[in-house]
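Each chain is listed here by its residues.
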Amino acid sequence: MDLLSEGLIDELEQFDMNEMADAAYWHAVEELQSMPGQYRGASSYDVVHIDNGELLGTISRSIFNFAKSEPRGAYSGYDGKVYSEPDGVWLSLGISRRVGKIAGLAMEMNGCRYRLIETERMVDGVTHHPLADADVYRALVDAAQVAQEERDLRAFEKLRPHIESAAFCICPECLDRFGARDDCTTCAGKGFVTKPAPAGLR
Ligand SMILES: [Zn+2]
């Protein structure tokens, strides 16, 4: 139903509703930025032990394979699969359904905790590796901040996946805030830090 043509609301109210939808979107964006990463079906991950950094396996576009070859079902080309279900994201291994529970970029399975490290992400059908160039990352973050201030949704949505999957993240101490950043010892005034990588990797 077209509310305008129905004459139920005038143009001013329409404007307010758009503003509200807009405000809700940007609020969600801000929430997202303060949250650790989320599992994405279009990405690839290394699954590593939180305690010792040991590589358990990889997830590539929802398909899980153990790093070490373990006996595998005769008719299956892979070891497991990740499912996004209404009550969360789950890893199933063969006939063992829902053995690993994924929350954010952490997974709990058989009492062990693992971390998911993004290694690849599909953006508009193109595979991107996490951005590792600090200067480019800074430029993207600055561009995203401008897009956010100008409420330029299209520009922001183009930048966001590259920023999220980068090897860096906004400094947890100063949050890249003007003023606090300059004196910050955690990031040495850069406003961002390298994402923590588990011991023994790379
Ligand atoms: Zn800082």
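For the structure given in this document, a descriptive report is provided here.

The rules behind these values
- Residues numbered from 1 in each chain as written.
- Predicted model: local features only at pLDDT ≥ 70, side-chain atom pairs only at ≥ 80, totals over all residues.
- Helix = DSSP H or I, 4+ residues; strand = E, 2+ residues; numbered from the N terminus.
- Buried ≥ 20, exposed ≤ 12 C-beta atoms within 10 Å, placed from the backbone.
- Contact = placed C-beta atoms within 7 Å.
- Core = buried A, V, L, I, M, F, W, Y, C linked by C-beta atoms within 7 Å.

Examining the overall build of the protein
Point 1. From N to C terminus, the protein includes 3 helices and 11 strands.
Point 2. Along the protein, from the amino end to the carboxyl end, the secondary structure elements read α-β-β-β-β-β-β-β-β-β-α-α-β-β.
Point 3. A buried classification covers 18% of the 202 residues belonging to the protein.
Point 4. Across the protein, the fraction of contacts at a sequence separation of at least 24, relative to all contacts at a separation of at least 6, is 38%.

Considerations on the nonpolar core
Point 1. Core analysis: the largest hydrophobic core is formed by 15 residues, its most contacted members being V47, I59, V82, L91, I102, M107 and L116.
Point 2. When contributions to this core are tallied by element, the ones reaching two or more residues are β1 (43-49), β5 (88-93) and β8 (112-123).
Point 3. Excluding its chain neighbours within four sequence positions, the residues that come into contact with L116 are Y39, Y45, V47, I59, L105 and M107.
Point 4. With 6 residues, the next largest nonpolar core counts Y137, C171, C174 and F192 among its residues.

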